[in-house]
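Chains, contacts and geometry: an overview
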Amino acid sequence: MTDWNDDAARDLMSLGGRLALLTHGEGSWVWDADEKRYLDFLGGIAVNCLGHAHPVFVDAVATQAATLSHVSNYFATPGQLELAARLKRLAGTGEAGRVFLANSGTEANEMAIKLARLHGARFTETEGAGRTKILVVEGAFHGRTMGTLSLTPKAKYRDPFLPAVPDVVTVPRTLEGLEAAFAAGGVAAMIVEPIQGEAGVVELPERFLARARELATQHDALLILDEVQTGSGRTGTWFAFQRFGITPDAVTLAKSIGAGFPLGALVTFGAASDLFYPGTHNSTFGGNPLAAAAANATLGYIEENDLLANVNARGAQLREGVEGLPLVADTRGAGLLIGIRLSEPVAAEVRAAAHERGLIINAPTEDVIRIAPAYTIGDAEVAEFLTLFAAALDAVASAHKTLETPA
Ligand SMILES: *Cc1c(COP(=O)(O)O)cnc(C)c1O
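Residues numbered from 1 in each chain as written. Predicted model: local features only at pLDDT ≥ 70, side-chain atom pairs only at ≥ 80, totals over all residues. Heavy atoms only, no water.

Right, let's get into the overall build of the protein chain. Counting its secondary structure elements, the protein chain contains 14 helices and 17 strands. Its C-alpha radius of gyration of 22 Å places the protein chain within 12% of the 22 Å reference for a compact globule of 407 residues. Once the C-alpha set of the protein chain is aligned to its principal axes, its extents read approximately 75 × 55 × 45 Å. A total of 407 residues make up the protein chain; the buried ones form 51% of that total. Sequence separation of at least 24 residues holds for 70% of the intrachain contacts in the protein chain that already meet a minimum separation of 6. Accessible area for the protein chain stands at about 18000 Å²; split by element, carbon and sulfur atoms hold 55% of it. (Helix = DSSP H or I, 4+ residues; strand = E, 2+ residues; numbered from the N terminus. Rg over C-alpha atoms; globule rule 2.2 N^0.38 Å. Buried < 20%, exposed > 50% of the residue type's maximum accessible area, 1.4 Å probe, protein only. Contact = heavy atoms within 4.5 Å. Areas by Shrake-Rupley, 256 points an atom, 1.4 Å probe, with all protein chains shown as cover.)

Another aspect to go through is the sheet that holds strand S17 (residues 368–371). Read from one edge to the other, the open sheet built from 4 strands follows the order S13-S14-S17-S16, with strand pairing classed as antiparallel. Strands at the two margins of the open sheet, each flanked by one partner only, are strand S13 (328–334) and strand S16 (362–365). Across the sheet, the mean angle from the axis of one strand to that of its neighbour is 30 degrees, orientation sign disregarded. Across 2 bridges, the pairing between S16 and S17 is antiparallel. Bridging across to S17, asparagine 362 finds its partner in arginine 370. Contacting S13, strand S14 (337–342) and S17, helix H12 (residues 307–322) runs over the sheet at an angle of about 170 degrees to S13. Sheet strands touched by helix H13 (residues 347–356): S14, S16 and S17. Its angle to S16, the strand with the most contacts, is close to 170 degrees. (Pairing = 2+ DSSP bridges. Axes fitted to C-alpha atoms, helices over the stretch in contact; angles between N-to-C directions.)

Okay, the domain arrangement of the protein chain next. Domain boundaries assigned for the protein chain yield domain 1 (59–304) and domain 2 (307–400). Between domain 1 and domain 2, the C-alpha centre-to-centre distance is 28 Å. Contacts between the two partners involve 22 residues from domain 1 and, on the opposite side, 19 residues from domain 2. Between domain 1 and domain 2 lies a buried interface of about 1600 Å² when both sides are counted; carbon and sulfur atoms form 58% of it. For the pair domain 1 and domain 2, the interface holds 1 salt bridge. A salt bridge links glutamate 198 to arginine 370; the nearest nitrogen and oxygen atoms lie 2.7 Å apart. Remark: the boundary between domain 1 and domain 2 carries 14 residue pairs in polar contact (both at pLDDT 80 or more). Of all elements in the fold, only strand S9 (202–203) and helix H11 (289–304) reach the threshold of two or more residues within the side of domain 1 that touches domain 2. Its residues assigned to classes, the side of domain 1 that touches domain 2 shows 7 nonpolar, 11 polar and 4 charged. (Domains from an automatic or database assignment. Buried area = accessible area lost by both parts, 1.4 Å probe. Salt bridge = Lys/Arg side-chain N within 4 Å of Asp/Glu carboxyl O. Polar contact = N/O pair within 3.5 Å; in protein donor to acceptor, adjacent residues only side chain to side chain. Nonpolar A, V, L, I, M, F, W, Y, C, P; charged D, E, K, R; others polar.)

On to the nonpolar core. Side chains of a nonpolar character, in soluble globular proteins, are inclined to be buried together. Ranked by internal contacts, the top residues of the largest apolar core, which has 82 residues, are Met190, Ile340, Val350, Ile361, Phe385 and Phe389. It is helix H14 (residues 379–404) that provides the largest number of residues to this core, a total of 9 residues. Residues from two domains meet in this core; each of domain 1 (59–304) and domain 2 (307–400) gives at least three. If we ignore the near neighbours within four places in the chain, the residues touching phenylalanine 389 are Val322, Leu325, Val328, Ile340, Val350, Leu359, Ile361 and Ile369. Counting residues in hydrophobic clusters, the runner-up holds 18 residues, among them Leu115, Ala116, Ile134 and Ile191. (Core = buried A, V, L, I, M, F, W, Y, C linked by side-chain atoms within 4.5 Å.)

With that settled, consider the site of the ligand. Within the structure, the ligand sits among Ser104, Gly105, Thr106, Asn109, Phe141, His142, Gly143, Glu193, Asp226, Val228, Gln229 and Lys255. Contact between the ligand and glycine 105: an oxygen atom at 2.8 Å from a main-chain N or O atom of the residue. Measuring from a nitrogen atom of the ligand, one finds a backbone N or O atom of phenylalanine 141 at 3.3 Å. Burial of the ligand by the protein amounts to 81% of the accessible area it has alone, namely 380 Å². Of the residues forming the shell around the ligand, the biggest block, 3 residues, is contributed by helix H5 (residues 105–121). Grouping the amino acids of the shell around the ligand by side-chain chemistry returns 2 nonpolar, 7 polar and 3 charged. (Near = heavy atom within 4 Å.)

The subject of this paragraph is the packing of helix H9 (residues 175–183) against helix H10 (residues 208–218). H10 packs onto H9 with a crossing angle of 15 degrees between their chain directions and a minimal axis gap of 10 Å. It follows from the interaxial angle that H9 and H10 lie roughly parallel. As H9 runs across H10, the sense of the crossing is right-handed. Listed contacts from H10 to Leu175, Leu178, Glu179 and Phe182 of H9 are Phe208, Arg211, Ala212, Leu215 and Ala216. Here the contact of H9 with H10 is composed, by residue class, of 7 nonpolar, no polar and 2 charged. (Parallel < 35°, antiparallel > 145°, perpendicular 65-115°, else oblique. Left-handed = near helix turned anticlockwise from the far one by under 90°.)

Let us now look at H9. When H9 is considered as a whole, its buried residues turn out to be Gly177, Leu178, Ala181 and Phe182. Mapping the buried residues of H9 onto a view down its axis gives an arc of 130 degrees, with all of them on the same face. Looking at H9, the residues exposed on the side facing more than 90 degrees away from the buried face are Glu176 and Ala183. Two residues or fewer past H9, glycine 185 is found with a positive phi of approximately 85 degrees. (Arc of directions from axis to C-beta.)

Cis geometry marks the peptide bond from leucine 162 to proline 163; its omega dihedral reads 5 degrees. Checked against the element boundaries, proline 163 lands in the loop between helix H8 (155–158) and strand S6 (168–171). Here serine 72, not a glycine, exhibits a phi torsion of approximately 80 degrees, which is positive. Looking at the secondary structure, you find serine 72 in the loop between helix H3 (55–65) and helix H4 (78–91). For aspartate 306, which is not glycine, the phi dihedral falls at a positive 45 degrees.

The structure is reproduced here in structure tokens:
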């Protein structure tokens with residue numbers, strides 16, 4: 001066995017589990033330093049949408065690295081322009097849309113907070129003061145930097161770093177709660193995930209997003225969608241909001257957009273596109289040519305090969321396949337962002353049993369297993385997943401039975 005735990009403990013910041021020392025990957029498979037093979041159904045947390053070492057990704061990044069790798073935000077590059085135009089088209093912003101390219105999900109969301117502040121400042125004259133209130137939803141996860149941490153109600157993540165950015169109000173996941181929050185007035189923006197990935201792939205109540213759209217419009221507030229996890233085709237449409245028949249004022253992206261190259265984006269619609277002006281935001285690496293090349297190649301490949309159809313079909317196949325397995329209560333999510341709810345709070349054990357058997361999945365809560373495999377999976381990967389997952393569930397179920405019935 002390769003001994004790497006001591007090195008990790010000595011040299012890496014102590015922030016929690018490193019489960020294996022992974023050295024290489026191909027398609028939906030990764031290998032560790034001892035050549036143990038894993039089926040990767042977490043995909044680097046909903047990132048590796050083309051799997052590992054996809055030739056289209058490899059070629060795009062390698063070619064770009066040999067051409068022009070970085071220029072700073074003083075310059076534009078062809079890849080950046082291509083990506084911005086592509087994101088506007090896929091999001092359906094029309095002519096008025098604008099795009100800012102960042103380096104991660106939290107950075108895209110930081111910019112969303114600044115967008116809310118710029119919008120809120122417009123009320124200084126009419127209302128006597130700018131609006132600073134931002135609504136977020138119970139269970140939300142928007143990132144780990146100080147601004148986005150302030151939007152993340154989870155105490156474990158946020159409390160060690162208080163005080164947070166002020167005027168963030170958490171709305172319960174109910175229509176009544178939503179109504180009351182807007183009725184209280186002074187809302188600059190609402191920031192919400194269409195499906196809450198980190199909370200355990202939690203879907204919002206029916207009509208929640210549609211009502212949020214109506215209320216935001218009525219109260220002249222922005223509706224900003226955090227599609228860092230759900231965007232870029234993950235849920236079977238380019239953006240999850242396209243399933244709900246609404247148009248946001250802005251949407252953020254990251255995770256799958258670059259198939260593993262770090263990249264985030266903020267896309268604005270309509271009047272929200274005119275809020276930023278020179279001097280109010282920028283990023284040295286944002287829209288870096290390597291990242292733009294990775295994203296153009298990724299999104300282009302998904303589009304040309306109609307991978308969204310595969311995302312929907314494989315998602316349905318997987319959900320059907322896990323139904324009836326031991327400990328499985330039900331499934332939720334959309335496309336290839338799937339939460340498998342267990343009948344007992346044993347998700348951590350199931351995750352560990354899967355890992356032992358060479359299957360990578362994760363347990364965002366004590367009773368939910370999340371999978372977010374590559375958009376390129378086929379029958380072979382689905383079958384292998386179902387075999388390994390069933391074996392992990394069996395092992396955990398029988399371990400508990402043994403505990404419950406003492407000899
Ligand atoms: C992962 C995630 C983030 C944070 O993205 P990072 O790239 O880790 O900063 C923000 N919002 C949602 C919905 C996410 O899933």
